[in-house]
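Residue-level structural notes
Chain by chain, the residues run as shown.
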Amino acid sequence: MTTKRALTVLAATAAAALTVTATTTSAAAPARAAACGAGYVGLTFDDGPSGTTTKLLDALRQNGLRATMFNQGQYAAANPSLVRAQVAAGMWVANHSYTHPHLTRLSQAQIDSEISRTQQAIANAGGGTPKLFRPPYGETNATVKSVAARYGLTEIIWHVDSQDWNGASTDAIVQSVARLTNGQIILMHDWPANTLAAVPRIAQTLASRGLCAGTISPQTGRAVAP
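Read on for an overview of the structure. Keep in mind that this is a model prediction, so the values were computed, not measured. Once a new chain begins, its residue numbering starts again from 1 and follows that chain's sequence as written. A pLDDT threshold of at least 70 governs which residues receive local features in this predicted model, and a stricter bar of 80 or more applies before side-chain atom pairs are shown or counted, although totals over entire chains, interfaces and linings include all residues. To obtain the side-chain values, all non-hydrogen atoms of the structure were used and water was disregarded.

**Quick notes on the packing of helix α5 (residues 108–124) against helix α6 (residues 142–150)**
Orientation is described by lines fitted to C-alpha atoms, with helices fitted over the stretch in contact, and by angles between N-to-C directions that extend from 0 to 180 degrees. What counts as a helix is a DSSP run of H or I of at least four residues, what counts as a strand is a run of E of at least two, and both are numbered from the N terminus. Interaxial distance between α5 and α6 falls to 10 Å at its minimum, and their mutual angle equals 45°. It follows from the interaxial angle that α5 and α6 lie oblique. Crossing geometry of α5 relative to α6 is assigned as right-handed. Note on element contacts: α6 touches α5 through Thr 143, Val 144, Val 147, Ala 148 and Arg 150, opposite Gln 108, Ile 111, Asp 112 and Ile 115. Under the scheme applied here, ten amino acids are nonpolar (Ala, Val, Leu, Ile, Met, Phe, Trp, Tyr, Cys and Pro), four are charged (Asp, Glu, Lys and Arg), and all others, including Gly, are polar. Looking at the contact of α5 with α6, its residues break down into five nonpolar, two polar and two charged. What sets the label is the angle itself: under 35 degrees gives roughly parallel, over 145 gives roughly antiparallel, 65 to 115 gives roughly perpendicular, and the rest give oblique. Crossings are sorted by hand: turned counterclockwise from the far helix by less than a right angle, the near helix makes the crossing left-handed, and turned clockwise it makes it right-handed. Contact between two residues is taken to exist if any of their heavy atoms lie within 4.5 Å; hydrogens are not considered.

Shown next, in the form of structure tokens:
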């Protein structure tokens, strides 16, 4: 009888544990969905990797944010460990040309070189093969688009410019993020100190509006769930 009672107690305990686990798991999924109820936005950082990349990655990770890093090929080639760090931190790595020229002023062969060398530099550094491309200064034309497409790249501009490259304050950068709506993309940069300082408040702003940081779809060019 003692053995039977012990087995009965063990079985009941196991069943209770399974019930709690199932309840907790099922509750977690709706909680995540509710947190992102207003949709997803694309946080993008241009011009890295640089001397500030590590601090930026730490800030993004600590605040639960993921972003697309539009890297310059010359910096990816010079700092492959930072490209690997971007990937390890959960970021997505994309193509931002090799030397950041005005592509619309170049020949097709020069444009091809800028894009193809960056694809190779990022792949060699461990960043994978980019699917997204952002032309420097957002300047593009039919030739730039056709060369990018030849390498399987989707051109990504932006919906909101944070103006961090132009000396925008931390407050102004946060206010720019507050203008984002579902699917939209914001332009930021890897190097400004004010952008780094804004990261915790960017996370708070998105959370307060029911938005989450998502990935950018190569099919639609808009932010979607990771």
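**Looking at the pattern of salt bridges**
It is possible for side chains of opposite charge to pair when their charged atoms get near one another. We count a salt bridge whenever a side-chain nitrogen from Lys or Arg sits within 4 Å of a carboxyl oxygen from Asp or Glu. Going through the model one piece at a time under the given rule, you end up with six salt bridges. Arg 201 is paired through a salt bridge with Asp 171; the nearest N and O atoms lie 2.7 Å apart. Taken together, the residues span a long stretch of sequence, with Arg 201 in helix α8 (residues 193–208) and Asp 171 in helix α7 (residues 170–177) at a distance of 30 residues. For each residue, the accessible area found with a 1.4 Å probe, counting protein chains only, is set against the maximum for its type, and the residue is called buried under 20%, exposed over 50%, and partly exposed in between. Owing to a relative accessible area of 33%, Arg 201 belongs among the partly exposed residues under this scheme. Judged by relative accessible area, Asp 171 falls into the partly exposed class, the value being 41%.

**A word on the packing of aromatic side chains**
What characterises a pair of aromatic rings is the spacing of the ring centres plus the angle enclosed by the ring planes. Here the aromatic set is Phe, Tyr and Trp, taking the six-membered ring for Trp, and pairing holds for ring centres within 6.5 Å; pairs whose planes are under 30 degrees apart are stacked, those over 60 apart are edge-to-face, and all others are tilted. The tally for this structure, following the rule as stated, stands at zero aromatic pairs. Above the ring of Tyr 98, the side-chain terminus of Arg 117 is found at 4.1 Å from the ring centroid. A cation over a ring is seen here: Arg 134 above Phe 70, with NZ or CZ 4.3 Å from the ring centre. A positively charged side chain is recorded as over a ring if its NZ (Lys) or CZ (Arg) lies within 6 Å of the ring centre. The angle to the ring normal must also be within 35 degrees.

**Regarding the state of the cysteines**
By definition, a disulfide links two cysteine residues through a covalent bond between their sulfur atoms. Sulfur atoms of two cysteines make up a disulfide when they are within 2.5 Å. The full count for this structure, using the stated rule, is one disulfide. Here Cys 36 connects covalently by a disulfide to Cys 212, the sulfurs 2.0 Å from one another. Between Cys 36 and Cys 212, the S-S torsion sits near -80°, and that sign places the bridge as left-handed. Of the two residues, Cys 36 sits in the loop between α1 (2–35) and β1 (39–46) while Cys 212 sits in strand β8 (residues 211–213), which places them 176 residues apart along the sequence. When its relative accessible area of 17% is taken as the criterion, Cys 212 is described as buried.

**Overview of unusual backbone geometry**
Note: most residues except glycine have negative phi, and most peptide bonds are trans. Geometrically, the link from Gly 48 to Pro 49 is a cis peptide bond, its omega value of -10° lying close to zero. You can see Pro 49 is positioned in the loop between β1 and α2 (53–62). If you check the backbone angles, Ser 97 has positive phi at about 75° while not being a glycine. Tracing the backbone shows Ser 97 in the loop between β3 (92–95) and α5. The phi dihedral of Tyr 137 falls on the positive side, at around 65°, and the residue is not glycine. Relative to the helices and strands, Tyr 137 is located in the loop between β4 (132–133) and α6. We classify Tyr 137 as partly exposed; its relative accessible area is 45%.

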